[in-house]
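# An overview of the molecular structure
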Amino acid sequence: MHPVVQPVASDEHLPEAVDVVVVGGGIVGTASAYYLARRGLSVALVEKGYVGCEQSSRTWGWCRQQNRDPREMPLSLLSMRLWDDLRGEIGRDLGFRRTGLVYATDDAAVLAGWEAWGPVAREFGVDTHMLTAAQAAQRIPQNRRQWVGGLHSVADGKAEPALAAPALAEGARQLGATIHQGCAARGLDLTQGRISGLHTERGTIRADAVLCAAGAWASTFMRRHGVIFPQASVRQTALRTKPTVNLGEVLYCPDLAMTRRLDGSYTLAISGRATLEITPQGLRFGREFMPQFIQRLKAVQLGLGGSFFSGPESLPALWGHDPAIFENTRVLSPAPNRKLVAAIMANLVATFPQLAGLEMDAAWGAYVDCTPDAVPVVSAVEQIGGLYLAAGCSGHGFGLGPGIGHLAAELVANDRPSVDPTHFRLDRLVDGSRIKVGSL
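Residues numbered from 1 in each chain as written. Predicted model: local features only at pLDDT ≥ 70, side-chain atom pairs only at ≥ 80, totals over all residues. Heavy atoms only, no water.

The next point concerns helix α2 (residues 73-90). In a regular helix each residue adds 1.5 Å, so 18 residues correspond to 26 Å; α2 covers 25 Å between its end C-alpha atoms and thus fits that length. If you look at α2, its biggest bend is around 35°, right at Asp 84. Within α2 the residues assigned to the buried category are Met 73, Leu 75, Ser 76, Leu 77, Leu 78, Ser 79, Met 80, Leu 82, Trp 83, Leu 86 and Ile 90. In the core, the buried residues of α2 are packed alongside α1 (27-38), β3 (62-63), α4 (118-124), β7 (157-158), α6 (164-174) and α12 (397-412). Remark: Gly 91 follows α2 within two positions and exhibits a positive phi of approximately 80°. (Helix = DSSP H or I, 4+ residues; strand = E, 2+ residues; numbered from the N terminus. Expected span 1.5 Å × (residues − 1). Bend = angle between axes of the 7 residues up to and from the residue. Buried < 20%, exposed > 50% of the residue type's maximum accessible area, 1.4 Å probe, protein only. Contact = heavy atoms within 4.5 Å.)

Below is the structure:
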């Protein structure tokens, strides 16, 4: 099962030539197309399935500055400002609201970690403050445990995963971009080591630049042209309830994360509970990811699933040269973990007994594409002139989406970047310059 997403119409005819082709119709690809078109560039966005069909509609929908890696903070601050402006610019509601985020925990070590982030908050001017045990209990009632405290990130919030990428795609179209769904990229057209176009299943589009924003598929796409992009995907599970009473907008505790949607339903998940599937691509990049894997093993289960034989990390994807491989999986939609779904609903009722009997509307799986240091790549690809990469968002991509798209557009247009792109360059992942291992 997959989440319902606001449908986007496709443009009927593939353009013969544009300035830039964007590969991938998620939050990053649509934001990139929007900000490229705002710069007056001609843009075609190609998507093998439909806009927002994979991770961008399966996320919690959080838009936060709180607890981010310091390297991401300038990009996060930029993103929040852009989220503020998008509804007025596009004329469509993306569901963005600065509702604040409320956290609570019964683990003193976790609380100390949140408090230790305080200097980062002060450095970047983030309005956040710690909660006492009583304040946390007032915001998130709990009858199974005793909160030791929490925090309130005042200016953070949420947006609607079902609306955001489609709205950005329509915003790009209003500025002249064309949107092509059911149109998988097959490979780059190169002339003397530079981009001269993109081959798709519907024909070739001539272009001076290609931006790969293909999410979990990005490493597979880049590898076909000799570009190494260390990437691994973690399979997660989330669900959505039927509409219910308002118990808070965005809440986090150790065994339940809750995001209230515009229709009064909730998206629910458990932070850190995921499956790391053993795949050929995972084995290929095992050395790069080992520190992160070790860090997560207490919460992340190892497993061997269908992704060994199909999907972006599979054996055919790693070794095959079938140009139609991206057409074989129009929507990467893993099944939810049913035991985890049951645990999420049980935790909801244990925390809020008044919700006993609340029905689940849908549950879904998702692949979160990660980098070894859990920081996105937004970068030119040095080996191929005119090729750019924006992927590896490591579970942070929805909230950062506008900022990533804005920065990617600046790089493609050779404009002065709004934030320092050094920490997001691709080469850091292959030249040993990573600073530290991050976390989801």
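Still more ground to cover, so stick around.
Turning next to the pattern of salt bridges. Taken as a whole, this structure holds 21 salt bridges when the rule is applied. In this structure, the salt-bridge partner of Arg 39 is Glu 410, at a minimum N-O distance of 3.5 Å. Taken as a pair, Arg 39 in the loop between α1 and β2 (43-47) and Glu 410 in helix α12 lie far apart in primary sequence, 371 residues in all. Residue classification places Arg 39 among the partly exposed residues on the basis of a relative accessible area of 29%. According to the relative accessible area criterion, Glu 410 is buried, its value standing at 2%. In this structure, Glu 72 engages Arg 68 in a salt bridge whose closest nitrogen and oxygen atoms are separated by 3.1 Å. In this structure, Glu 72 and Arg 68 share a single accessibility class: buried. A single salt-bridge network, built from bridges that share partners, covers Asp 69, Arg 71, Asp 373 and Arg 428. (Salt bridge = Lys/Arg side-chain N within 4 Å of Asp/Glu carboxyl O.)

Time to look at α1. Taking 1.5 Å as the rise per residue, α1 with 12 residues should run 16 Å; its terminal C-alpha atoms sit 16 Å apart, in good agreement. Most of α1 sits out of view: 11 of its 12 residues are buried. Backbone geometry just after α1 places Gly 40 at a positive phi near 85°.

Moving on, we get to the sheet that holds strand β1 (residues 20-23). In space, the 6 strands of this open sheet follow the order β8-β2-β1-β12-β21-β20, with mixed pairing throughout. Only two strands of the sheet have a single partner each, and these edge strands are β8 (178-181) and β20 (377-380). Between one strand axis and the next, the sheet turns by 15° as a mean value, whatever way the strands run. Looking at chain direction, β1 and β2 are connected through 4 bridges and run parallel. Residue Val 20 lies in a different strand from β2, and its bridge partner there is Val 43. Sitting on the sheet, α1 touches β1, β2, β12 (209-212) and β21 (387-391), and the angle it makes with β2 is about 170°. (Pairing = 2+ DSSP bridges. Axes fitted to C-alpha atoms, helices over the stretch in contact; angles between N-to-C directions.)

As summarised here, the arrangement of the 3 strands in space is β9-β10-β11, forming an open sheet in which the pairing is antiparallel. Edge positions in the sheet fall to β9 (185-191) and β11 (203-206), since each has one partner strand and no second. Averaged over neighbouring strand pairs, the angle between their axes works out to 30° when direction is ignored. Pairing geometry for strand β10 (residues 194-200) and β11, over 4 bridges, is antiparallel.

On to the side chain of Lys 158, then. If you trace the backbone, Lys 158 turns up in strand β7. Reaching out from Lys 158, the side chain makes a polar contact with the backbone oxygen of Arg 260 at a distance of 2.4 Å. If near-sequence neighbours (up to four positions away) are discounted, Lys 158 is found in contact with Gly 61, Trp 62, Cys 63, Gly 95, Phe 96, Arg 97, Thr 99, Glu 249, Val 250, Thr 259, Arg 260 and Arg 261. (Polar contact = N/O pair within 3.5 Å; in protein donor to acceptor, adjacent residues only side chain to side chain.)

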